[in-house]
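# An overview of the molecular structure
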Amino acid sequence: MPAFICTTCGTQYAPTEKPPPACRICEDERQYVATAGQSWITLDMLARRNMNAIRELEPNLISITTFPHFGIGQRAQLLRTPHGNILWDCIALIDRATVEMINAMGGLDGIAISHPHYYTTMIEWSEAFGGVPIHLHH
Ligand SMILES: [Zn+2]
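Presented here is an overview of the structure given in this document.

Scoring rules and cut-offs
Residues numbered from 1 in each chain as written. Predicted model: local features only at pLDDT ≥ 70, side-chain atom pairs only at ≥ 80, totals over all residues. Helix = DSSP H or I, 4+ residues; strand = E, 2+ residues; numbered from the N terminus. Contact = placed C-beta atoms within 7 Å. Core = buried A, V, L, I, M, F, W, Y, C linked by C-beta atoms within 7 Å. Buried ≥ 20, exposed ≤ 12 C-beta atoms within 10 Å, placed from the backbone. Pairing = 2+ DSSP bridges. Axes fitted to C-alpha atoms, helices over the stretch in contact; angles between N-to-C directions. Right-handed = clockwise from strand over helix to strand, strands pointing away.

## Some points on the environment of Asn50
By the secondary structure assignment, Asn50 is in the loop between helix 2 (43–49) and strand 3 (51–58). Between the C-alpha atom of Asn50 and that of Asp95, which follows or precedes it by 45 residues, the distance is 9.8 Å. Residue contacts for Asn50: discarding those within four places in its chain leaves Thr66, Phe67, Pro68, Phe70 and Leu93.

## Topic: the nonpolar core
Generally speaking, soluble globular proteins have nonpolar side chains that are buried together. In terms of nonpolar packing, the biggest core is built from 26 residues, with Leu87 and Cys90 touching the most fellow members. Elements supplying a minimum of two residues to this core: strand 1 (5–6), strand 4 (61–67), strand 5 (75–81), strand 7 (110–113) and helix 4 (122–128). Those residues in contact with Cys90 that sit more than four places away from it in its chain are Ala76, Ile111, Ile113, Tyr118, Tyr119, Thr120, Thr121, Met122 and Trp125.

## Points about the sheet that holds strand 3
Pairing within the open sheet is mixed, and its 6 strands lie in the order 3-4-5-6-7-8. Two strands lie at the open edges of the sheet, namely strand 3 and strand 8 (134–136), each paired on one side alone. Neighbour to neighbour, the strand axes of the sheet diverge by 25° on average, direction disregarded. Across 3 bridges, strand 6 (residues 84–88) lies against strand 7 in parallel orientation. Across the sheet, Leu87 pairs through a bridge with Ile111, a residue of strand 7.

## Some details on unusual backbone geometry
Cis rather than trans, the peptide bond between Phe67 and Pro68 has omega equal to -15°. Phi at Asp89 is positive, roughly 75°, even though this residue is not glycine. By the secondary structure assignment, Asp89 is in the loop between strand 6 and helix 3 (96–104). With 20 C-beta atoms packed within 10 Å, Asp89 lands in the buried category. If you check the backbone angles, Thr120 has positive phi at about 35° while not being a glycine. You can see Thr120 is positioned in the loop between strand 7 and helix 4. Exposure remark for Thr120: the 29 C-beta atoms within 10 Å place this residue in the buried category.

## Some points on the pairing of strand 6
Going residue by residue along strand 6, you find Asn85 and Leu87 tucked away on one face and Gly84, Ile86 and Trp88 left uncovered on the opposite face. The sheet contact formed by strand 5 and strand 6 spans 5 bridges and is antiparallel. Bridging across to strand 6, Arg80 finds its partner in Asn85. Remark: 2 residues form the turn of the hairpin made by strand 5 and strand 6, two consecutive strands paired antiparallel. In the classification by handedness, the crossover that spans strand 6, the intervening helix 3 and the parallel strand 7 is right-handed.

## Examining the pairing of strand 7
Here strand 7 shows a buried face lined by Ile111 and Ile113 and an unburied face lined by Gly110 and Ala112. Relative to strand 8, strand 7 runs parallel, the two being bridged by 3 bridges. Counterpart to Ile113 in the pairing with strand 8 is Leu136. A crossover links strand 7 with its parallel partner strand 8, the connecting element being helix 4, and its sense is right-handed.

Limitation: the analysis is restricted to geometry and does not speak to function.
Written out as structure tokens, the structure is:
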């Protein structure tokens, strides 16, 4: 069963036969439902039409962004430390190239999420790196 991702905000939901009736994040009064209505995508489809790019913000701080723009244009930041690497916030697209790139930079030891708009596909990210812990801050 596919785990649908809201195209407006990038939040992934638990696997279901059919897309969820609505996105709880977009229905919140602080967000909005797209004027064209609710739409969904799967991670496989997203990985076929988008890609992630990295940029070094400063030594050992790497920004990861999806192109073309997806969701609300979220970016993740990989903080590399001698004690392990932390992903600060998540983006919806996680593909093999991204996983291999992060593994080449020392892998991932934990994920910290600052805000519900960065929940995106955090479970997929955690599982891709052996089930690393996720910390939610909000
Ligand atoms: Zn949404």
